[in-house]
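An overview of the molecular structure
One letter stands for each residue in the lines below.
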Amino acid sequence: MAPFVPVPDILTQPYWDGCRNHVITVQQCRSCGRKRHRPAAGCHWCGGQDVDWVELSGRGSLYTYTVVHRAFHPSLADEVPYVVGLVAAEEDPTVRFHTRILECDPADVRVGMQLEVLFREETDGIVLPYWRPRAA
Amino acid sequence: MLRDKCAIVGLGYTPFSSKSGVTTEMLAVEACQNAMADAGLKPSDVDGLLTYHMGDSAPVQVVASSLGIRELRWYNEIAQGGPGNCAVILEAAMAVMAGLAETVICYRAMNGRSGQRAGETGAAGKAAGEMQFLMPYGIIGVPVWYSMWARHHMATYGTTREHYGHVAIAQRQWAMNNERSFNRDPLTMDEYLATPLIADPLSRLDCCREIDGGCAIIVTSAERARNLRQPPVYIRGGAYGMGPGGGRNYEKWEDYSQLFSHYVGPRVWQSAGLGPGDMNFAQIYDAYSFVVVHQLEDFGFCAKGEGGPLVASGVTAPGGSLPLNTGGGMLNEGYLNGLNVVAEAVTQLRGQAGVRQVADAEVGLVSGFGGPQGSAMVLRK
Ligand SMILES: [Zn+2]
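What comes next concerns the included structure. None of these values were measured; they are calculated from a predicted model. (Residues numbered from 1 in each chain as written. Chains lettered and ligands numbered in written order. Predicted model: local features only at pLDDT ≥ 70, side-chain atom pairs only at ≥ 80, totals over all residues. Heavy atoms only, no water.)

**What about the packing of aromatic side chains?**
- Following the criterion strictly, the structure yields 25 aromatic pairs over all chains and no others.
- Relative to B:Phe133, the ring of A:Trp16 lies with its centre 5.7 Å away and its plane at 15°, an arrangement referred to as stacked. Of the two residues, A:Trp16 sits in helix H1 (residues 13–20) while B:Phe133 sits in the loop between strand E5 (125–127) and helix H4 (142–157), which places them in two different chains.
- A:Trp16 gets classed as buried once you look at its relative accessible area, which sits at 2%.
- B:Phe133 sits in the buried class, given a relative accessible area of 4%.
- Between B:Trp149 and B:Trp253, the aromatic rings sit 4.6 Å apart at their centres with planes inclined by 75°, giving edge-to-face as the arrangement. Of the two residues, B:Trp149 sits in helix H4 while B:Trp253 sits in the loop between strand E9 (233–242) and helix H8 (261–272), which places them 104 residues apart along the sequence.
- Taken together, the aromatic side chains of A:Tyr63, B:Trp145, B:Tyr146, B:Trp149, B:Tyr164, B:Tyr250, B:Trp253, B:Tyr256, B:Tyr285, B:Tyr288, B:Phe290 and B:Phe369 make up a single cluster linked through ring pairs.
- When the ring centre of A:Tyr130 is taken as reference, the NZ or CZ atom of A:Arg120 above it lies at 5.7 Å.
- The ring centre of B:Tyr52 lies 5.6 Å from the NZ or CZ of B:Arg108, which sits over that ring. (Phe/Tyr/Trp six-rings, centres within 6.5 Å; stacked < 30°, edge-to-face > 60°. Helix = DSSP H or I, 4+ residues; strand = E, 2+ residues; numbered from the N terminus. Buried < 20%, exposed > 50% of the residue type's maximum accessible area, 1.4 Å probe, protein only. Lys NZ or Arg CZ within 6 Å of the ring centre and 35° of its normal.)

**Some remarks on the environment of B:Met330**
Residue and element names in this part refer to chain B.
- Examined against the element boundaries, Met 330 turns out to sit in helix H11 (residues 329–333).
- You can call Met 330 buried: its relative accessible area is 0%.
- With 123 residues separating them in the primary sequence, Met 330 and Cys 207 have C-alpha atoms 8.7 Å apart.
- Residues within four places of Met 330 in sequence aside, it is in contact with Cys 208, Arg 209, Tyr 285, Asp 286, Ala 287, Tyr 335, Leu 336, Asn 337, Gly 338, Asn 340 and Val 341. (Contact = heavy atoms within 4.5 Å.)

**Looking at the coordination of the zinc ion**
All names here are of chain A.
- The coordination sphere of the zinc ion contains the protein donors Cys 29 (SG), Cys 32 (SG), Cys 43 (SG) and Cys 46 (SG), at a distance range of 2.3 to 2.4 Å.
- In the primary structure, the donors to the zinc ion are separated according to the pattern C-x2-C-x10-C-x2-C. Of this pair, Cys 29 sits in strand E2 (residues 25–29) while Cys 46 is found in the loop between strand E3 (35–36) and strand E4 (51–55), placing the two residues 17 residues apart along the sequence.
- For Cys 46, a relative accessible area of 42% gives the class partly exposed. (Donors = N, O, S within 2.8 Å, 3.2 Å for Na, K, Ca; no water.)

**Quick notes on the pattern of salt bridges**
- One pass over the full model with this rule turns up 26 salt bridges over all chains.
- The closest approach of N and O atoms between A:Arg59 and A:Glu90, which form a salt bridge, is 3.0 Å. In this pair, A:Arg59 is assigned in strand E5 (residues 59–68) and A:Glu90 in the loop between strand E6 (82–89) and strand E7 (96–100), connecting sequence segments 31 residues apart.
- A:Glu90 gets classed as partly exposed once you look at its relative accessible area, which sits at 40%.
- The partner of B:Glu297 in a salt bridge is B:Lys304, with the nearest N and O atoms 3.0 Å apart.
- One salt-bridge network, in which partners are shared between bridges, spans B:Glu179, B:Arg180, B:Glu333, B:Glu344 and B:Arg356. (Salt bridge = Lys/Arg side-chain N within 4 Å of Asp/Glu carboxyl O.)

**Observations regarding the nonpolar core**
Residue and element names in this part refer to chain B.
- If you look at the biggest cluster of nonpolar residues, it comprises 147 residues, and the most contacted ones within it are Ile 89, Trp 149, Phe 301, Leu 365 and Leu 379.
- Setting aside residues no more than four positions away along its own chain, Leu 379 makes contact with Ile 8, Val 233, Tyr 234, Ile 235, Arg 236, Ala 345, Val 346, Leu 349, Glu 362, Val 363, Gly 364 and Val 366.
- Ala 7, Ala 31, Cys 32 and Ala 216 belong to the second largest nonpolar core, which has 27 residues in total. (Core = buried A, V, L, I, M, F, W, Y, C linked by side-chain atoms within 4.5 Å.)

**Comments concerning H8(B)**
All names here are of chain B.
- Listing the buried residues of H8 in full gives Ser 261, Val 264, Gly 265, Val 268, Trp 269, Ser 271 and Ala 272. For H8, the angular spread of buried residues about the axis comes to 160°, placing them on one side.
- Taken together, the buried residues of H8 touch E9, helix H9 (289–298), strand E11 (363–370) and strand E12 (373–380).
- Once H8 ends, the next one or two residues include Gly 273, with phi positive near 70°. (Arc of directions from axis to C-beta.)

**Observations concerning H9(B)**
All names here are of chain B.
- Within H9, ten of the ten residues are buried, which leaves the element mostly enclosed by the surrounding structure.
- Those residues of H9 that fall on the buried side of the exposure criterion are Ser 289, Phe 290, Val 291, Val 292, Val 293, His 294, Gln 295, Leu 296, Glu 297 and Asp 298.
- Looking one or two residues past H9, Gly 300 carries a phi angle of roughly 90°, positive in sign.

**Observations concerning the side chain of B:His153**
Residues and elements named next belong to chain B.
- Along the polypeptide, His 153 turns up in helix H4.
- With relative accessibility at 0%, the residue His 153 sits in the buried group.
- Setting aside anything within four residues of it in sequence, one finds His 153 in contact with Gly 158, Thr 159, Tyr 164, Ser 257, Val 293, His 294, Glu 297, Lys 304 and Gly 305.

Structure below.
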């Protein structure tokens, strides 16, 4: 169980709704066509404000990571060492997601490794996406 | 055009400690009074006051009152951390050049150790706003975020833990000659590599220590500076700003191996009319060892990816050709959000750095880091 449960807001609710249906959804700018995450009031490429929410495949690669050895919160004391990272979406590597990497020994984690999303139920009706290694 | 129109004329500190036992207002007032005494100024000579903070310090209006400034003509607070260190100096210069104030005290005061600590989180439970995408995954604690930037550079350019270790080791050599440093013993590579990791690749030796303390720096016009007690240190040029991904919006950062200095670097050199080869030293914001390496590349002291080998060559240590963080930096003095980084540059340019004085120091670079956002300036004597 995650130590902190996300609190959706009016900008991020569609993302968390997608997770509940086990899909990763992101904002796509109607002006320039670029996708983005995290959800924002405007496009960081062109400033456009109108969006469509589009589904991604849930495949990506590891842009960077760290192995956390010190628990910065008491609820994490039994979890260290654990792997967290930033995942670049297969469809557009500039669309990136912070996450915990599951099913991966800290000794085996590598930048560039291929990943796939998996979803886990949390409290408050939240479904949280995690990522794990994927066979090439 | 900033070019030498304003100067730094006063510098004041409080003691740096783990537990000040006083309020941030008291720290601010003590630092400002010490800076006025250093400059030979009275409260009635000061008409501007400026600070930066992250909700962890006394309001500037309260500090003005306690300093006995009867009429403040200009004041402000900048709501940010590291980038505020050069930003306050540049903003003060702007206020002086615009005629809004004549003499401005810039300060930073914080109980960063005994009071509100960086990246502090409360009880487990909810994560709202930007944190809803970070904290549920255990991405908690500033070193956890930042370690991922170092890892990206390592994977991209072959930078190693030893490279980052050379930053910590060289700065420890400088720190041995700084009375404010809490680390006065030499550091070896074996000790560096044997220290347990906090978040790979960072150990505590890569992270600055949080402290309680205050620092104040006074800016006035170049004309007025010439008649004051201390040798003037002129603000040659400066720049601040950011690329995508500022404000912890890190998913949108263009390239994790670059910092703010990728954007600010070319502009600070243009502003100063000088380049990296002209610098007699650099005081580079060092909340973490690795950000020094990445900034050196972005500022053009070497090619991108060559920062690790550059520091490993020893040029940044005492006696080297690029004296860097000559008081030992925040890795050894502690985290005063970088105003102490500015202060060390002023001390060197006045020729008051004692045994750690850089010979013939006439001009140097100072930076303030906050990820994709930051600041930099060139100071000269
Ligand atoms: Zn757009």
